[in-house]
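Per-entry structural report
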Amino acid sequence: MTLLDRHIEFVEALRTAGLPVSLAEGLDAVRAIDVLGIEERETLRAAYAATLLKRQNHRTGFDQVFDLYFPLLIGDGYRIVPGDRHESEDPEDAERSGLSGSDDLVGQDGPQALADFREALTDALALGDPDVLALLAREAVQRFGLIRGRGPGEQRWSSYNVMNRVSPDELVDEVLQGMGLATDDDPAIRRLVEAQAQVFERLVDAEVRRRAAEVRGPQHVARHTIRPGIEQVDFTSARKADLELMRREIQPLARRLATRLSREQHARPRGPLDFRRTVRASMSSGGVPMETRHKPKRPGRTDLVVLCDVSGSVANFASFTLMLVFALREQFNRVRAFTFVDEIHEVTDRFETSNDPAQTMSELAASARYASLWGRTNYGRAFTRFADQHPDALTPKTNLLVLGDARSNHTDLALPVVKDLTYAARHSWWLNPEHARNWNTGDSAAREYGRLIPMVECRNLTQLGEFVHDLA
Amino acid sequence: MTQKSSWFESPADADKRLAEVGYLSDTATSTTSYLAGALEKPLLVEGPAGVGKTELAKAIARATGADLVRLQCYEGLDEARALYEWNYKKQLLRIQAAGDQSWDETHDDIFTDEFLLTRPLLTAIRREEPTVLLIDEVDKTDVEVEGLLLEVLSDFQVTIPEMGTIVAVRRPLVVLTSNATRELSEAIKRRCLFLHIDYPDSEREREIVVSQVPEVEEELAGQIVEVVAKLRGMELRKAPSIAETIDWARTLVALGTGTLDAAAIDQTLGVILKHASDHDRAVRELRLRAR
Ligand SMILES: Nc1ncnc2c1ncn2[C@@H]1O[C@H](COP(=O)(O)OP(=O)(O)O)[C@@H](O)[C@H]1O
Ligand SMILES: [Mg+2]
């Protein structure tokens, strides 16, 4: 493949991974590479990034695709592994052959091999040397990542296998012990070590993708395994590491929204003329009024009541939304928040007292206890209890926001109560974290509730940000 | 015709010359700075506050012997402050003093260079010497200003209705910075090369500290950088930036601190953390006080 072919395919793969690369930007990249001449790989990466990557939240996807099209190594990389002896064997066979002391690295797995490897990894995590971690990630995939290929000779690799065997998370405590620290002695160091474990995990992922790309072509891998930016990841399918990233996105997102909102408020038509200030300003130009001065506008702020389903699957969605709403609370006159499973529980004060998102999240999770009587989601019961216990919460100046997937275990929906709530409030919305195509399937009461309260799909941070912006 | 100006010869050259003027670069920064000159494209530098975005523009100017023209952006910045403005007061006086001169003549008189207040964008375009144009903190402006920037950065020319079109004799190297408090328009981004600067890794940060505060002992610098890394790992409202790391090092040197122990950190934490809640959290998580 010529360099230009590779370039074209690379740009195409970036587009598939969700980076909006324009034709002009593609040409800029060609010019950049042209003036650079043949360069070292990291320089090439920098040149591509400078010309094609225009948003930092696309960085991860960009790097993954770059690594596929411009890999650092080929094959087994740093070590030449003889033969493909294990390719048609079961992983169990591979383990046995590890026990029997085979020299091959591919698939060489067994208690001793694993123990040795984990020891080496523990040392590397303590040192935090990226090169050593990269080397170990490669070795880990070779040893523990092999899964049986479909056809003869087709090797396949899985990071799940590796993580399952190696469990780097569990090594964090050992690293800390090695430093003479108990698990909770120093949370700051602990976090640094955990970050190293995550680096290792990402390196393993990258190595698996690289190997897959050698077998199935980079295009295939780019299409199937590159995940979108965190703002596009569905709340309901987020992994633990994603949730952490999402939580960290909330404050910046709130800041961006607040900036945007204050700009838009300034951009609205000016307030009434301020005669005295205009005259005073004209003094400096000999009494000629060059500039008019205006009185500030008074944007009308509304109250907001949020009802959130905090049962299992949608709890994360609810807490992100609440965190965002409270981060923007200056935009509202008053915000009250209630959580429910089948019982209603007010959580407003938890947001008012604490500025700490990590703590808020865990307190919110704990509050699910109070929101749950029988433990099975029951929207009808929760709405009824809300109407009974907080009859004054909704006024003609209040907007009502319901968060949840509308899955109510086939219980009574209490539609008349919901109708009364919508009459009491100024406007009502329902945010549903499920993909709209899944509404109305199974026990979803999206259609019934959607007739009373306009239902909006809100699957990821991007959609959430847009909605909250329009709400404020 | 625009003159071809030579900025850096290669990424390695950029790296070396930036280091010579005190800016410690990395591969991405050097490569992108080189490309900005070689391709004559504006460079948009994005990243959190205090990671050296503004300093990069200044360092490029120092390293290439160019002069720096700076447009500081703020909310409410308008064309009159960014591009040019007529000096009304002076014009008014001139009109009053015109006596029986015909209006046409007066008109021609008052719309000349003498009455023109050039602002940074126009200044940069008119300069004949090598110029780095720094448009600092673009994210603070309103969207309309982006439209203006786009016009200027596309053609490097400015049309003043009363005077005609002014074309750049020599294109300035343009650096825009943004703290990403909002997304800039797609059009601006398409026009620019993009560089995201983040907090540096510990090794580079230590080098930066040592180069900026030469009095600091290597060991102390290492300890400072290590604590700063821990602080950045915490979820703080405002994480410490390079600027704060440097300030901290200066403070500790001034206090004659030899080793950074819990007491020393506790005493001086105010230098790097600006919010009370961040302060409390750091004291708690770094176990600074015996419980
Ligand atoms: N790479 C670097 N080399 C040397 N000094 C740096 C570097 N990055 C940052 N600094 C220091 O950090 C300070 C803050 O940088 P500044 O450019 O003001 O940040 P920003 O514009 O990103 O908010 C600078 O004054 C400079 O002393
Ligand atoms: Mg700055």
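Just so we're clear, the structure is a prediction, and the values are computed from it rather than from any experiment.

Reading the values: the criteria
- Residues numbered from 1 in each chain as written.
- Chains lettered and ligands numbered in written order.
- Predicted model: local features only at pLDDT ≥ 70, side-chain atom pairs only at ≥ 80, totals over all residues.
- Heavy atoms only, no water.
- Contact = heavy atoms within 4.5 Å.
- Buried area = accessible area lost by both parts, 1.4 Å probe.
- Salt bridge = Lys/Arg side-chain N within 4 Å of Asp/Glu carboxyl O.
- Polar contact = N/O pair within 3.5 Å; in protein donor to acceptor, adjacent residues only side chain to side chain.
- Near = heavy atom within 4 Å.
- Areas by Shrake-Rupley, 256 points an atom, 1.4 Å probe, with all protein chains shown as cover.
- Helix = DSSP H or I, 4+ residues; strand = E, 2+ residues; numbered from the N terminus.
- Nonpolar A, V, L, I, M, F, W, Y, C, P; charged D, E, K, R; others polar.
- Domains from an automatic or database assignment.
- 1 Å grid on protein atoms, 1.4 Å probe; cavity = no way out; pocket = protein on both sides within 12 Å on 5 of 7 lines; lining within 4 Å.
- Points joined across faces, edges and corners; volume = space filled by probe spheres on them.
- Buried < 20%, exposed > 50% of the residue type's maximum accessible area, 1.4 Å probe, protein only.
- Pairing = 2+ DSSP bridges.
- Core = buried A, V, L, I, M, F, W, Y, C linked by side-chain atoms within 4.5 Å.
- Lys, Arg positive; Asp, Glu negative; His and termini not counted.
- Axes fitted to C-alpha atoms, helices over the stretch in contact; angles between N-to-C directions.
- Parallel < 35°, antiparallel > 145°, perpendicular 65-115°, else oblique.
- Disulfide = S-S within 2.5 Å.

The next point concerns the interface of chain A and chain B. At the interface, 44 residues of chain A touch 41 residues of chain B. Here chain A meets chain B over a buried area of about 3400 Å², counting both sides, of which 53% is carbon and sulfur. Among the residues chain A hides against chain B, the three largest losses belong to A:Lys54, A:Gln56 and A:Arg263. Together they make up 18% of the total. Connecting chain A to chain B are four salt bridges. Put simply, A:Arg191 and B:Glu285 hold a salt bridge, and the shortest N to O gap is 2.3 Å. Our count for the chain A to chain B interface comes out at twelve residue pairs in polar contact (both at pLDDT 80 or more).

Moving on: the site of ligand 1. Residue and element names in this part refer to chain B. Near ligand 1 lie 16 residues; those nearest to it are Leu24, Gly50, Lys53, Thr54 and Glu55. One of the side-chain N or O atoms of threonine 54 is found 2.7 Å from an oxygen atom in ligand 1. Between glutamate 55 and ligand 1, the recorded distance is 2.7 Å, taken from a backbone N or O atom to an oxygen atom. Computed on the free molecule, ligand 1 has an accessible area of 560 Å², of which 83% lies beneath the protein chains in the complex. At the level of elements, helix H3 (53–64), helix H10 (202–212) and helix H12 (242–255) are the ones that each hand at least two residues to the shell around ligand 1. Among the residues forming the shell around ligand 1, the class breakdown is eight nonpolar, five polar and three charged. Formed jointly, the shell around ligand 1 draws a minimum of three residues from each of two domains, domain 1 (11–83 + 119–196) and domain 3 (202–285).

Looking now at the pattern of salt bridges. Per the counting criterion, the structure on display carries 45 salt bridges over all chains. Put simply, A:Glu343 and A:Arg385 hold a salt bridge, and the shortest N to O gap is 3.0 Å. Of the two residues, A:Glu343 sits in the loop between strand S4 (334–340) and strand S5 (344–346) while A:Arg385 sits in helix H17 (residues 379–389), which places them 42 residues apart along the sequence. Two residues, B:Glu244 and B:Lys238, come together in a salt bridge whose shortest N-O distance is 3.5 Å. One network of salt bridges, with partners in common, ties together A:Arg41, A:Glu42, A:Arg45, A:Arg59, A:Asp63 and A:Asp67.

On to the domain arrangement of chain B. By domain assignment, chain B separates into domain 1 (11–83 + 119–196), domain 2 (86–112) and domain 3 (202–285). Taking only C-alpha atoms into account, the centre of domain 2 of chain B sits 59 Å from that of domain 3 of chain B.

Take empty space enclosed by the protein next. Across all of its chains, the model carries three cavities of 30 Å³ or more by this definition. In terms of lining residues, the largest cavity is bounded by A:Leu19, A:Pro20, A:Glu25, A:Leu52, A:Leu53, A:Lys54, A:Arg55, A:His58, B:Glu186 and B:Arg190. Residues belonging to the lining of the largest cavity are distributed by class as follows: four nonpolar, one polar and five charged. The space that makes up the second largest cavity amounts to roughly 40 Å³. B:Trp7, B:Ala36, B:Gly37, B:Glu40, B:Phe156, B:Arg171, B:Pro172 and B:Leu173 are the residues that line the second largest cavity.

Glancing now at the pairing of strand S8 (residues 173–178) of chain B. Residues and elements named next belong to chain B. Across the six residues of S8, six count as buried, placing the element largely inside the fold. Side-chain alternation along S8 places Leu173, Val175 and Thr177 on one buried face and Val174, Leu176 and Ser178 on a second face that is also buried. Across four bridges, strand S1 (residues 43–46) lies against S8 in parallel orientation. Bridge pairing in S8 links valine 45 to threonine 177. Where strand S5 (residues 131–136) lies against S8, four bridges are found, and the strand directions are parallel. Across the sheet, residue leucine 134 finds its bridge partner in S8, namely valine 175.

Take the nonpolar core next. Membership of the largest hydrophobic core comes to 42 residues, with the highest contact counts inside it found for A:Met246, A:Leu322 and A:Leu464. Of all the secondary structure elements, the ones that give two or more residues to this core are helix H12 (240–267), strand S3 (303–309), helix H14 (315–327), S4, helix H16 (357–367), strand S6 (398–403) and helix H20 (461–471) of chain A. Ranked by residues supplied to this core, first place goes to H14(A) with eight residues. Setting aside chain neighbours within four positions, we find A:Leu464 in contact with A:Phe235, A:Phe320, A:Thr321, A:Leu324, A:Leu431 and A:Cys458. One finds B:Leu116, B:Val158, B:Ile188 and B:Phe194 within the second-largest nonpolar core, a separate group that totals 36 residues.

All names here are of chain A. Examined against the element boundaries, aspartate 303 turns out to sit in strand S3. Notably, aspartate 303 is buried but unbridged: the nearest opposite-charge side chain belongs to lysine 397, and the N-O separation is 5.4 Å. Of note is the side chain of aspartate 303, whose polar atom sits 3.0 Å from the side chain of asparagine 333.

Residue and element names in this part refer to chain A. Here helix H10 (residues 187–216) crosses helix H11 (residues 218–225) at 130°, and the two axes come no closer than 7 Å. Considering the angle they form, H10 stands oblique to H11. Every residue of H11 that contacts H10 at Arg209, Ala212, Ala213 and Arg216 is listed here: Pro218, His220, Val221 and Thr225. Looking at the contact of H10 with H11 residue by residue, the classes come out as four nonpolar, two polar and two charged.

Residue A:His410 is not a glycine yet carries a positive backbone phi of 60°. Position of A:His410 relative to the elements: it lies in the loop between S6 and helix H18 (415–424). You can call A:His410 exposed: its relative accessible area is 68%. Despite not being glycine, B:Glu137 shows a phi value in the positive range, around 60°.

What follows concerns the pairing of S4(A). Along any regular strand, the residues point their side chains to alternate faces of the sheet. All names here are of chain A. Of all seven residues in S4, six are buried, a share of seventy percent or more. Here S3 pairs with S4 via seven bridges, running parallel. Within S4, the position partnered with aspartate 303 by the bridge is arginine 334. Both S4 and S5 contribute to a ladder of three bridges, which runs antiparallel. Residue pairing in the sheet places threonine 339 in a bridge with histidine 345 of S5. Counted between consecutive antiparallel strands, the loop separating S4 from S5 contains three residues.

This part covers the state of the cysteines. All names here are of chain B. In total, this model carries zero disulfides over all chains according to the counting rule given. In this structure cysteine 73 is not part of a disulfide, and its nearest cysteine sulfur, from cysteine 192, lies 12 Å away. What makes cysteine 73 buried here is its relative accessible area of 2%.

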